[in-house]
Amino acid sequence: MTSARLAKDARSGPPAISVIAHRGASEDAPEHTLAAYRKAIEDGADALECDVRLTADGHLVCVHDRRVNRTSNGRGAVSALELADLASLDFGSWKSGAGGPDALDPLEAPDRQHEDPERTSVLTLERLLELVADADRRVELAIETKHPTRWAGQVEERLVELLDRFGHTKPATAGARTPAVRVMSFSARSLHRVRAAAPDIPGVYLMQFLTPRHRDGRLPPGVGIAGPGIRILRAHPEYVARAHRAGHRVHVWTVNEPADVELCRDLGVDAVITNRPKQVRTQLGLT
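Described in the following lines is the structure provided in the data block. A quick note: this is a predicted structure, and the numbers were derived from the prediction, not measured. (Residues numbered from 1 in each chain as written. Predicted model: local features only at pLDDT ≥ 70, side-chain atom pairs only at ≥ 80, totals over all residues. Heavy atoms only, no water.)

Secondary structure assignment for the chain yields 11 helices and 9 strands. For the chain, buried positions account for 51% of its 287 residues. (Helix = DSSP H or I, 4+ residues; strand = E, 2+ residues; numbered from the N terminus. Buried < 20%, exposed > 50% of the residue type's maximum accessible area, 1.4 Å probe, protein only.)

Our focus in this paragraph is the packing of aromatic side chains. Under the counting rule described, the total for this entry stands at 1 aromatic pair. When the centroid spacing of 5.8 Å and the interplanar angle of 85 degrees are considered together, the rings of Phe186 and Trp253 count as edge-to-face. Placement of the pair is Phe186 in the loop between strand E5 (181-185) and helix H7 (188-197) and Trp253 in the loop between strand E8 (249-252) and helix H10 (258-267), with a sequence separation of 67 residues. With a relative accessible area of 37%, Phe186 lands in the partly exposed category. Overall, Trp253 belongs to the partly exposed group, its relative accessible area being 21%. (Phe/Tyr/Trp six-rings, centres within 6.5 Å; stacked < 30°, edge-to-face > 60°.)

Those residues of helix H2 (residues 34-42) that fall on the buried side of the exposure criterion are Leu34, Ala35, Ala36, Tyr37, Ala40 and Ile41. Buried residues along H2 sit against strand E1 (18-22), strand E2 (47-54), helix H4 (117-120), helix H5 (125-134) and helix H11 (277-283). Positive phi shows up at Gly44, right after H2, with a value of about 90 degrees. (Contact = heavy atoms within 4.5 Å.)

Moving on to the pattern of salt bridges. A side chain of one charge can pair with a side chain of the opposite charge if their charged atoms are brought near each other. In total, this model carries 21 salt bridges according to the counting rule given. Asp46 is the partner of Arg281 in a salt bridge, and the nearest nitrogen-oxygen pair spans 3.9 Å. Placement of Arg281 in helix H11 and of Asp46 in the loop between H2 and E2 is noted, with a sequence separation of 235 residues between them. Relative accessible area serves as the criterion here: at 3%, Arg281 is assigned to the buried category. For Asp46, a relative accessible area of 5% corresponds to the buried category. A salt bridge links Glu161 to Arg158, with the shortest nitrogen-to-oxygen separation between them at 2.7 Å. A residue pair is termed a helical-turn pair when its members lie 3 or 4 positions apart in one helix, as Glu161 and Arg158 do in helix H6 (residues 154-165) at 3 residues. (Salt bridge = Lys/Arg side-chain N within 4 Å of Asp/Glu carboxyl O.)

Okay, the pairing of strand E4 (residues 140-145) next. Remember that side chains alternate between the two faces of the sheet whenever the strand is regular. The buried count for E4 comes to 6 of 6 residues, which makes it a mostly enclosed element. Here E4 shows two buried faces, one formed by Glu140, Ala142 and Glu144 and the other by Leu141, Ile143 and Thr145. The pairing of E2 with E4 spans 6 bridges and is classified as parallel. Bridge pairing in E4 places Val52 opposite Thr145. Where E4 lies against E5, 4 bridges are found, and the strand directions are parallel. For Leu141, the partnering residue across the bridge sits in E5 and is Val181. (Pairing = 2+ DSSP bridges.)

As a further point, take the pairing of E2. Within E2, 8 of the 8 residues are buried, which leaves it mostly tucked inside the rest of the structure. Because side chains alternate across E2, one face comprises the buried residues Ala47, Glu49, Asp51 and Arg53, and the other comprises Leu48, Cys50, Val52 and Leu54, equally buried. Examined bridge by bridge, E1 and E2 share 3 bridges and lie parallel to one another. Bridge pairing in E2 places Ile20 opposite Ala47. Each parallel crossover has a hand, and for E1 linked through H2 to E2 it is right-handed. As paired elements, E2 and strand E3 (residues 60-61) share 2 bridges and run antiparallel to each other. Bridge pairing in E3 links Arg53 to Val61. The hairpin formed by E2 and E3 contains 5 residues between the paired strands, and Gly58 there has a positive phi angle of roughly 90 degrees. (Right-handed = clockwise from strand over helix to strand, strands pointing away.)

Spelled out as structure tokens, the structure:
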């Protein structure tokens, strides 16, 4: 936690909103690359968000889509490719500079002699965990498991195994408000698997729509954090208070627009997940 945030906490009573970098500082660098996460840490993000998928040879990699077509110069499903296959692809040249109309054709072969590997190489979850461990301050990690997948429960099995190796399956250390790592998913079954194997890792139940079952703030058993999309808050601003009354925290995705940041602040959400951590922190007065 940054000193600025500590000072704000002491001054205002309730904790400041946590700012979580969505796939890293993904407005400024290619999503899910080491460069994007380094930038997010430099920008003061409280936490880093990533999606994980399991390769054909059992490695967890940070890739959002089921297939690599959109964010690399290759084709195929992550689950059908081995890590060596992914390592040969360019995951960054599609986003030239800050992105936009000058971005390169994703099918164009890159000049690998002049590329920056931190902007173009596939990122494993293990390498991201090392980056967080080496940071000069506390940086939390929000890991989303993607489902459905051909590997089903093997994703959570491998995830818990890796988190245990880095010491993240133990209870939060003294003085820490929350554990440094949490697992998010749209799949309640995935969260149940993680909780069964590592009960001290918090779960975040992601929601694209607010179903009648969860409208009153209830979540799947054992889950303590609601993860509504910003569209839910726009349509149902009362949901935040209901979730809080049910004893749950609220982490909202993906909050990029200044008006949405203000809405989240006004409603008292606990965390916002954003592609623009630096700008959002500035707007919230956390810098």
